[in-house]
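Below are the chains, spelled out letter by letter.
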Amino acid sequence: MSEVNTKPNIEGPDDFYETLLAAHEGKTKEESDAINARLVLILANQIGDREVLSKAIAMAAET
Amino acid sequence: MFDDRYTLAHKLYPYEKHADQDKAEAVRHPVVIVGGGPIGVATALDLGMQDIPVVVLDDHEGIGMGSRAICFAKRCLEIADRYGCGEPMLDKGVVWNLGKVFHKEGKIYEFNLLPEDGHKYPAFINLQQPYFERFMIERLRALQAEGKPIEIRGKNRVDAVDVKDDHVVLDVMTPDGPYKIEADYMVACDGASSPVRDMLGEEFTGKVFQDSFLIADIKMKNVDFPTERWFWFEPSHGSGASTLLHKQPDDVWRIDFQIGWDVDRKEELKEENIRRRLDAMLGDVDYEMVWSSIYTFQCKRMEKFRHGPVFFAGDAAHQVSPFGARGANSGMQDADNLGWKLGLVIKGLAPDALLDSYSEERVYGADENILNSTRSTDFITPKTEMSHIFRNAVLNLAAKHEFARPLVNSGRLSVPCVYDGLSLNGPDALPGAPDRTRVGAPMVDAPIGDDWLLSMIGGDFTLMTIDAEAPETIDINGIEVKRLALTAEGNPELAERYLGDAKTAVYLMRPDQHVVARWERFDTASVKRAVNTATARV
């Protein structure tokens, strides 16, 4: 059973967050949405595990 | 001609006419400090303890009203401890460990800070600024009684500054009229709107955030209100981007409402309007108002903190947003950094170049503080639609999943910076040693018997040996380095914080308790070289 890692796993979370937001600087909302969509697909490929991906998608869809 | 700009909480240094005022020629002093706030007084304590004569000029006669900087972090308290006034702060201060984070109407999670054991001081205390200042002035009076050459002159307002190559001439206004005073060195600790900075025509630049905070100090009539920190993002109880509630001594709670830039200050400060916000947030709670104020902030710094014989410290040199309590806390580190350097140069034991390192190191520190407080500000008040979407996604996920919580940024508490790679550093030559006590880092406290490591070190260069041999004292061209011999046997904190995988260690510490160099074993030539590097004598 593969699980989504819900424990903190990013070293330097503030640095990461700044890098993430910097990618959106000066972009229109449409451009930003497209960046996010591409980023999701890139990260999904990195993870690869279909079971993890399905669980992560379900987590994100919860509100 | 001499109106107070603010109301005093404690009148501690009433104006007295000084003999300098009747002299035909301006009297020259080694150091004049402009501003009797926490940073000016800390600098005076540092110099006075080194027997360097110092005069503090303040345009008021005591400490201003209002809780203001209420969060004092560990390093700041350790510095105050070195000056001999940390303990009353700790005794009076409030310590909290439980924090709660809210978004809109609901709590999303809570956290416990779980402080690390084996430190004299906690990660921080909450304490009204007037107490913090009063304990320092009391210490200053005690040092004066011991004969230390510190003076503080109330209602002495600096109206003009003439900077020469090797000294400064100040025009000072008093209730008895003007006089002139000269200083070999001047330290401007005159606050965010620093008149001295303006007199010198120095710029104060940076990323400007414009926001206002409405601060309300209230005394709860029901004192079982919890000692916790509550931080709201987008609070549903009123307008504004954030609200912060935390406890201070004397059953006083402080609430900071972030209310935006374009506000009607007079209207917002009316008691009924403050109560409207408070009631919406607190619900059915009985309280009385103690103090309220509106303040605005910016993130800025001067390009350099040294201009010839003039130094800038504290808010005069750098200003940050309040998130993370990096204002007064970093100012205390300025005093800590400048004090020993000025002392050595005035005593003729180090060249003038050592004073340049004050600017180098504290600009580095200021940039780190500005970076952190800017990030917090950006998280709390997202500037774009997309950053707002991400921020709310983080808060939403943080409610259910632990992984998102480190991304929640309501302020990163002030921690001292490590002077990595800067010019006073010596060799880091202790394989397997911990990263946290690397060269450039401020020392980490540890218990030593019934005492504390940081209480045993500071004010001088010290050679700390752990299970290693070294001479008891070494004289390096007039600078005496004393040894502090320790063993890691039966002291797991010391071993964990200073040895790591190493078996023995020799650490050279600066007077401000930063690590200059570390080795496995003592070697005379290496220690001499490192002391010379740390005092710019090479």
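Residues numbered from 1 in each chain as written. Chains lettered and ligands numbered in written order. Predicted model: local features only at pLDDT ≥ 70, side-chain atom pairs only at ≥ 80, totals over all residues. Heavy atoms only, no water.

A.B. asks: How do you make sense of the overall build of chain B when you look at a structure like this?
C.D. replies: Helix and strand counts for chain B stand at 13 helices and 29 strands. The C-alpha radius of gyration computed for chain B amounts to 24 Å, which stays within 12% of the reference 24 Å derived for 538 residues, consistent with globular compactness. Long-range contacts, defined as pairs at least 24 residues apart, comprise 71% of the intrachain contacts of chain B with a sequence gap of at least 6. Total accessible area on chain B stands at roughly 20,800 Å², and carbon and sulfur atoms take up 48% of it. Between the averaged position of the 62 positive side-chain charges in chain B and that of its 85 negative side-chain charges there is a distance of 2 Å. (Helix = DSSP H or I, 4+ residues; strand = E, 2+ residues; numbered from the N terminus. Rg over C-alpha atoms; globule rule 2.2 N^0.38 Å. Contact = heavy atoms within 4.5 Å. Areas by Shrake-Rupley, 256 points an atom, 1.4 Å probe, with all protein chains shown as cover. Lys, Arg positive; Asp, Glu negative; His and termini not counted. Charge placed at Lys NZ, Arg CZ, Asp CG, Glu CD.)

A.B. asks: Which parts of the structure should I look at to understand the pattern of salt bridges?
C.D. replies: Proximity of charged atoms lets side chains of opposite charge pair with each other. All names here are of chain B. Per the stated rule, a full pass over the model turns up 53 salt bridges over all chains. Across the pair Arg153 and Asp20 runs a salt bridge, and its minimum N-O distance is 2.8 Å. Residue Arg153 is located in strand E9 (residues 150-153), and its partner Asp20 is located in the loop between strand E1 (8-11) and strand E2 (27-34); the two are separated by 133 residues in the primary sequence. Here the residues in one salt-bridge network are Asp46, Arg75, Glu78, Arg82 and Asp336, joined through shared partners. (Salt bridge = Lys/Arg side-chain N within 4 Å of Asp/Glu carboxyl O.)

A.B. asks: Teacher, can you tell me more about the domain arrangement of chain B here?
C.D. replies: By a frequent convention, interface size equals the accessible area lost on bringing the separate parts together. All names here are of chain B. By domain assignment, chain B separates into domain 1 (8-93 + 124-202 + 302-353) and domain 2 (428-534). Look at where the C-alpha atoms of domain 1 and domain 2 centre, and you get two points 30 Å apart. On the domain 2 side, the residues contacting the 10 residues of domain 1 number 15 residues. Buried area between domain 1 and domain 2, summed over both chains or domains, comes out near 980 Å², and the portion from carbon and sulfur atoms is 55%. (Domains from an automatic or database assignment. Buried area = accessible area lost by both parts, 1.4 Å probe.)

A.B. asks: Explain the packing of helix H2 (residues 74-82) of chain B against helix H8 (residues 328-346) of chain B to me, please; I cannot follow it from the model alone.
C.D. replies: Packed helix pairs are characterised by how far apart their axes lie and by the angle those axes make with each other. Residue and element names in this part refer to chain B. Interaxial distance between H2 and H8 falls to 9 Å at its minimum, and their mutual angle equals 40°. Relative to H8, H2 is oriented oblique. The crossing of H2 and H8 is left-handed. On H8, the residues that touch Arg75, Cys76, Ile79, Ala80 and Arg82 of H2 are Asn329, Met332, Gln333 and Asp336. Looking at side-chain class alone, the contact of H2 with H8 contains four nonpolar, two polar and three charged residues. (Axes fitted to C-alpha atoms, helices over the stretch in contact; angles between N-to-C directions. Parallel < 35°, antiparallel > 145°, perpendicular 65-115°, else oblique. Left-handed = near helix turned anticlockwise from the far one by under 90°. Nonpolar A, V, L, I, M, F, W, Y, C, P; charged D, E, K, R; others polar.)

A.B. asks: Help me out: how do you make sense of the environment of Ile33 of chain B in this one?
C.D. replies: Residue and element names in this part refer to chain B. One can find Ile33 in strand E2. Along the primary structure Ile33 and Leu57 are separated by 24 residues, whereas in three dimensions their C-alpha atoms are 6.2 Å apart. Setting aside residues up to four positions removed in sequence, Ile33 forms contacts with Gly40, Thr43, Ala44, Val54, Val55, Val56, Leu57, Val187 and Cys189.

A.B. asks: I keep staring at the packing of aromatic side chains and nothing clicks. Help me out?
C.D. replies: By convention here, two paired aromatic rings are described through the distance between centres and the angle between planes. All names here are of chain B. Using the criterion set out here, one finds 20 aromatic pairs over all chains in the structure. Here Phe72 and Phe132 contribute two aromatic rings whose centre-to-centre distance is 4.0 Å and whose plane-to-plane angle is 5°, an arrangement assigned as stacked. With Phe72 in strand E5 (residues 71-73) and Phe132 in helix H4 (residues 129-145), this residue pair connects regions lying 60 residues apart in the sequence. Taking relative accessible area as the criterion, Phe132 reaches 1% and is therefore assigned buried. (Phe/Tyr/Trp six-rings, centres within 6.5 Å; stacked < 30°, edge-to-face > 60°. Buried < 20%, exposed > 50% of the residue type's maximum accessible area, 1.4 Å probe, protein only.)

A.B. asks: What is the right way to read the interface of chain A and chain B from this model?
C.D. replies: Taken together, the contacts link 19 residues of chain A with 20 residues of chain B. For the pair chain A and chain B, the summed buried surface comes to about 1,800 Å²; carbon and sulfur atoms form 61% of the total. Linking chain A with chain B are five salt bridges, by the criterion used here. Across the pair Arg375 of chain B and Asp15 of chain A runs a salt bridge whose closest N-O atoms are separated by 2.7 Å. Applying the counting rule to chain A against chain B returns seven residue pairs in polar contact (both at pLDDT 80 or more). Contributions of two or more residues to the side of chain A that touches chain B are made by helix H1 (13-22) and helix H2 (29-47) of chain A. Ranked by residues supplied to the side of chain A that touches chain B, first place goes to H1 of chain A with eight residues. By residue class, the composition of the side of chain A that touches chain B is seven nonpolar, five polar and seven charged. (Polar contact = N/O pair within 3.5 Å; in protein donor to acceptor, adjacent residues only side chain to side chain.)

A.B. asks: Is there a simple way to think about the side chain of Asn372 of chain B in this case?
C.D. replies: Its location among the elements puts Asn372 of chain B in helix H9 (residues 353-380). Taking the relative accessible area as the measure of exposure, Asn372 of chain B reaches 14% and is therefore buried.

A.B. asks: Even after reading the chapter, I still don't get the nonpolar core, so can you show me in this structure?
C.D. replies: Residue and element names in this part refer to chain B. Among the nonpolar cores identified, the biggest contains 94 residues, and Met89, Leu170 and Leu463 are the most heavily contacted of them. Composition of this core by domain shows at least three residues from each of domain 1 (8-93 + 124-202 + 302-353) and domain 2 (428-534). Not counting chain neighbours up to four residues away, the residues in contact with Leu170 comprise Val32, Val34, Leu57, Val158, Ala160, Tyr179, Lys180, Ile181, Ala183 and Met186. Counting 26 residues, the second largest nonpolar core, distinct from the first, contains Ile108, Cys299, Val320 and Val394. (Core = buried A, V, L, I, M, F, W, Y, C linked by side-chain atoms within 4.5 Å.)

A.B. asks: What should I look at first to understand the side chain of Asp14 of chain A in this one?
C.D. replies: If you trace the backbone, Asp14 of chain A turns up in helix H1. The class for Asp14 of chain A is buried, based on a relative accessible area of 13%. Those residues within four positions of Asp14 of chain A in sequence are excluded, and the remaining contacts are Asn372, Arg375, Pro406, Asn409 and Arg412 of chain B.

A.B. asks: In this structure, what is going on with the sheet that holds strand E14 (residues 229-233) of chain B? I would like to understand it.
C.D. replies: The strands that make up a sheet pair up through hydrogen bonds in the backbone, lying either parallel or antiparallel. All names here are of chain B. One open sheet holds the seven strands; their spatial order is E7-E6-E14-E15-E16-E13-E17, and the pairing between them is mixed. Of all strands in the sheet, those bounded by a partner on one side alone are strand E7 (106-112) and strand E17 (287-297). Across the sheet, the mean angle separating the axes of adjacent strands is 15° when strand polarity is ignored. Bridge count for E14 against strand E15 (residues 242-248) is four bridges, and the pairing is antiparallel. The residue of E15 that forms the bridge with Phe231 is Leu244. Where helix H7 (residues 271-282) meets the sheet, it contacts strand E13 (211-220), E14, E15, strand E16 (252-258) and E17, and its direction lies at approximately 100° from that of E17. Packing of H9 onto the sheet brings it into contact with E14, E15, E16 and E17, and relative to E14 it is tilted by some 60°. (Pairing = 2+ DSSP bridges.)

A.B. asks: What is the right way to read helix H10 (residues 385-400) of chain B from this model?
C.D. replies: Taking 1.5 Å as the rise per residue, H10 of chain B with 16 residues should run 22 Å; its terminal C-alpha atoms sit 24 Å apart, in good agreement. Turning to H10 of chain B, the residues buried within the fold contact H1 and H2 of chain A together with strand E6 (98-103), E7, E14 and H9 of chain B. (Expected span 1.5 Å × (residues − 1).)

A.B. asks: How should I be thinking about the sheet that holds strand E26 (residues 473-476) of chain B in this particular structure?
C.D. replies: Residue and element names in this part refer to chain B. The strand order E22-E29-E28-E25-E27-E26 describes an open sheet built from six strands, whose pairing is mixed. Of all the strands in the sheet, just strand E22 (428-429) and E26 have a single pairing partner and so form its edges. In terms of strand pairing, strand E28 (residues 505-509) meets strand E29 (residues 515-519) through four bridges, oriented antiparallel. Looking at E29, one finds that Tyr507 is bridged to Arg518.

A.B. asks: Is there a simple way to think about the environment of Gln129 of chain B in this case?
C.D. replies: Residues and elements named next belong to chain B. Counting through the fold element by element, Gln129 comes out in helix H4. Under the relative-accessibility criterion, Gln129 is labelled buried at 8%. Ignoring any residue separated from it by four or fewer positions in sequence, one finds Gln129 in contact with Pro38, Ser67, Arg68, Ala69 and Phe72. At 3.1 Å, the side chain of Gln129 and the backbone nitrogen of Ala69 are in polar contact.

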